[in-house]
Every structure is written in C-alpha cells, then in structure tokens.
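# Structure at a glance
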Amino acid sequence: MEYEHGVTTYGDAPNHKVTATGGKAFADGRGHLIVSGEHFSQKGIQTIDRDWNDSGYFLANNPAYSAARCTDAASLNTPCVNEFLIASGIGTGQFTPGGLVSTGPLRGTYFGSVDPATGKASVNQLNFGATSGQWMVGGDTDITTAGHRSSATLQPEEKRSSVFGRLSYEVSPLVELYGQFSYSNYRGQSYYQQTPTTGVTIQRDNAYLPDATRAAMAANNLSSIQIGTSNIFLPPQGSDNERQVFRYVAGADGAFSTGTIDWKWGGYYQLGKTKTNERLTNAWNVSRMAAATDAVVAVAGNSGGYAPAQSCAGSMSMRMRATTTRPARRSTGSAPTAPRPRRSPMSSTMAASRCANRR
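In this report, the structure presented in the accompanying data block is examined. (Residues numbered from 1 in each chain as written. Predicted model: local features only at pLDDT ≥ 70, side-chain atom pairs only at ≥ 80, totals over all residues. Heavy atoms only, no water.)

### Observations regarding the nonpolar core
Ranked by size, the top nonpolar core spans 11 residues in total: V101, L106, F111, A121, V200, I202, L209, M217, L222, I225 and I227. Counting residues per element, the ones that place at least two in this core are β14 (197–203) and β15 (224–229). Ignoring any residue separated from it by four or fewer positions in sequence, one finds V101 in contact with L106, R107, G108, T109, I225, Q226 and I227. Membership of the second largest hydrophobic core comes to five residues, among which are Y110, L126, F128 and M136. (Core = buried A, V, L, I, M, F, W, Y, C linked by side-chain atoms within 4.5 Å. Buried < 20%, exposed > 50% of the residue type's maximum accessible area, 1.4 Å probe, protein only. Helix = DSSP H or I, 4+ residues; strand = E, 2+ residues; numbered from the N terminus. Contact = heavy atoms within 4.5 Å.)

Dropping the structure here:
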C-alpha cells in the first residue's frame, strides 16, 4: 500500500493518492486472486492567482507588422518586423468589465463603477495602445483585462478511482479458467476564461445608460452604440464531466503436447462499457441576455402593462416586455387565447422593486 501527497509552492491545490495491491493463492496453489485499487483527488485552482499572470504576457499580432514591407523588394528600403509579438503589457482593446465603446465617434468611452442609488455607471475614457485585431499593446491594458485574465482555471478539480481484480483456477494441467474485472471513474471540473461579448447594441433610451453618454450620443446623432464587455459580473462558463469505464473478461487457456510438438491455446470474451456525463456549467441563454441588456424605462399606460399607474411609471423593464401587448385574460367558457409571455425573473424583480420604492 502506498500514499502520496503533493502541494504547490504557493500552498494551494493539494492532491492525495492512495494505491493498494493484494493477492492470495488457494486450493494448494491451483487458484489465484489478485486485487488492486487506486484513488486520486486534487483540489482545483479555479482562478489564475499568480503574479506572473498579471504581466499580460501574450502571443499577439504585431500592430507594427506590414506584409508589404516584408517583400524582397521593399525590405531594402523599409524595416520588416515580425508578424507576431511575444511580450508583456499585451491585452485587449475590444472590451472592459463594464463595457467599452470601441468604434465610432465615442470610441474609448468605457463604463466603470456603478452607483447603487441610480444603477448607472461612471463614464471614463480609455487610453488606447497600438491595436491589431482584438489585441492592444500598451495603453490601459490593466483596465481592459481586469478580472478577465485571471478567470480561467489554472488546475482542474479532479477525482479519479480505479479497481482491478483477477481470479484464476487451474482445472487440470491442461486447462486454466480465469475472469477479470476493471472499473475506473473520473470526475473533473474546470472553468474557461471569462467569455467576453462584443458588438452589444445599446440604444440611446437604455434605462441604465449614463446621462453624459446619452447626451454625447445625441450630440453625435447616434441612436445606438456598440460595446464590448468581459461579462465579469456573470459566472464563467465551464465543464463538469464524469466518465465511467467498465471492462469484463472471461477466458481459458492451457497447453498440451502431441508427440514432439508442444501446443498452447487460449480464448477469451471481453465486454467494455463507457458511461459519460458531460455538463456545461453556467451556460448563458444569449437571447435572454440580449433582451435583459435592452432595458428601458416604462411609461404609464405602456402596452406591456408594466407601469399601469402614474405612481408606478419609471419602472425598468426589458423593451420587448414593455412594448408587447399582453393577451386578454381567458374567462370561463371563452375560446382559448394566445399563451401569455413569460416574464423574465430579472425584469419582474426589477420592475416590482422600482414600483415598491415609489409607493
């Protein structure tokens, strides 16, 4: 029997491993039993909480690269630089935790901390570095990658076990029967890097849009803006997988001689089964996310019925709910009407709390 234990130099992610093997002969050595087993467990590190990860060390497209400058003819007069850059201080120029406007007249506007009283964020201006595609070299990379670069799993949470057994018996010097069984189980959980969303449309009448941004949109004749966000306030998506493998073997073998020739023979039957359960955790409903993002201030008497009284006007709801007429209630004996749309828990809670505060 053996036991092993390990831990990182940071004092986290401990693991334990136990193995045991045993055997026994019986029936005067004609029968043999062998059994072995192993169990391993490892505590996961579900964030990359390491200093070396904070430097923004990436492989990225080099913003200074030009294919035209790297031709044989051009290289005599213009410098040719590497197409890819490996360095620290690299991040993204397409999103921030609270949202970044990366195109158009308001490019560089990003939303910071949220005022709990109003639900609206502070408005800031991003200092862009050199950009190429999604990558940005220099600039405010600490802002764009805040919370995002450390959101992936460094080491998965794991548990695995296995057992093996073999029983054999010599029926005669010519025949030996045997059977084997093995089983293994694995379960692992990990999370991907926080999934960003780019190209999110924010309308000018969005309920959570800061007044300064709304005014800037009006001044630039913009009815909407496109933002990118790292979705830092949502749990990262991941996987939680379990796999079981079963193996059964039954067989016989033996040996005999005919004159001067020695013969050996054997045969077996094998059955294997695998059971797999793969679960995606924290998966998002993209259409519901888009609907919840497109929040508006409901006015009194709106067709969705979310501000039925003037005292309740100003409640916040999804646009699709505040502008969609609710079907008439079904009375006893009447013909069935169209099914009533389901209200989002987010919008229902938000609207109810806003109305309660105004009473």
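### Topic: the packing of aromatic side chains
Counting across every chain of the model gives five aromatic pairs. Aromatic side chains Y183 and F246 sit 4.9 Å apart centroid to centroid with 50° between the ring planes, which places their arrangement in the tilted category. With Y183 in strand β13 (residues 175–191) and F246 in strand β16 (residues 238–258), the pair connects residues that are 63 residues apart, well separated along the chain. Owing to a relative accessible area of 17%, F246 belongs among the buried residues under this scheme. Ring centres of F256 and W263 lie 6.3 Å apart, and the angle between their planes is 15°; this geometry places the pair in the stacked category. Judged by its relative accessible area of 35%, F256 falls in the partly exposed class. Judged by relative accessible area, W263 falls into the partly exposed class, the value being 42%. Taking the ring centre of Y10 as reference, the NZ or CZ of R50 above it sits at 3.8 Å. (Phe/Tyr/Trp six-rings, centres within 6.5 Å; stacked < 30°, edge-to-face > 60°. Lys NZ or Arg CZ within 6 Å of the ring centre and 35° of its normal.)

### Examining the sheet that holds β16
Judged by pairing direction, the sheet is antiparallel, and its seven strands sit side by side in the order β1-β2-β3-β12-β13-β16-β17 without closing on themselves. In this open sheet, the two edge strands, each paired with only one partner strand, are β1 (2–6) and β17 (261–281). The sheet shows a mean angle of 5° between the axes of neighbouring strands, taken without regard to direction. Pairing analysis gives five bridges linking β1 to strand β2 (residues 15–26), with the strands arranged antiparallel. Each bridged residue has a counterpart across the sheet, and for H5 the counterpart in β2 is H16. (Pairing = 2+ DSSP bridges. Axes fitted to C-alpha atoms, helices over the stretch in contact; angles between N-to-C directions.)

### A closer look at a nonpolar patch on the surface
Taken together, F26, L33, V35, L167, Y169, V171 and L177 make up a surface patch of nonpolar side chains, about 570 Å² in accessible area. Listed by contribution, the elements that provide at least two residues to the nonpolar patch are β3 (31–42) and β12 (157–172). The biggest single contributor to the nonpolar patch is β12, with three residues. With respect to the helices and strands, L177 occurs in strand β13. (Patch = residues over 30% accessible without salt bridge, like charges linked within 9 Å, V, L, I, M, F, W, Y side chains within 5 Å. Areas by Shrake-Rupley, 256 points an atom, 1.4 Å probe, with all protein chains shown as cover. Salt bridge = Lys/Arg side-chain N within 4 Å of Asp/Glu carboxyl O.)

### Topic: the sheet that holds strand β11 (residues 135–139)
Backbone-to-backbone hydrogen bonds join strands into a sheet, with any given pair of strands oriented parallel or antiparallel. The antiparallel open sheet is built from three strands, whose spatial order is β6-β11-β10. Two strands bound the open sheet, and with one partner strand each, they are β6 (90–92) and β10 (128–132). Going across the sheet, the axis of each strand differs from the next one's by a mean of 40°, ignoring polarity. By the bridge criterion, four bridges tie β10 to β11 in an arrangement that is antiparallel. Of the residues in β11, the one forming a bridge with S132 is W135.

### With respect to the pairing of β11
As paired strands, β6 and β11 are joined by three bridges and run antiparallel to one another. Paired with T92 across the two strands is W135, which belongs to β11. Connecting β10 to the next strand, β11, in antiparallel fashion are two residues, including G133 with a positive phi near 65°.

### Focus on the pattern of salt bridges
Applying the stated criterion across every chain, the model contains eight salt bridges. When salt bridges that share partners are traced, they join D54, D142 and R149 into one network.

### Considerations on the pairing of strand β9 (residues 120–125)
Two strands pair when backbone bridges link them, and strand β8 (residues 109–115) and β9 are joined in this way by five bridges, in the antiparallel orientation. Note that in β9 the partner of V114 across the bridge is A121.

### Examining the state of the cysteines
The final tally for this structure, using the stated rule, is one disulfide. Covalent S-S linkage joins C70 and C80, the inter-sulfur distance amounting to 1.9 Å. Taking the torsion about the S-S bond as the criterion, the C70 to C80 disulfide, at about 100°, is right-handed. With a gap of 10 residues between them, C70 in the loop between β4 (58–61) and β5 (84–87) and C80 in the loop between β4 and β5 connect regions that are remote in the sequence. Exposure remark for C70: the relative accessible area of 25% places this residue in the partly exposed category. (Disulfide = S-S within 2.5 Å.)

### Focus: the side chain of S41
Turning to its location among the elements, S41 is positioned in strand β3. With sequence-adjacent residues up to four places away left out, S41 is seen in contact with P14, N15, H16, E158 and K159.

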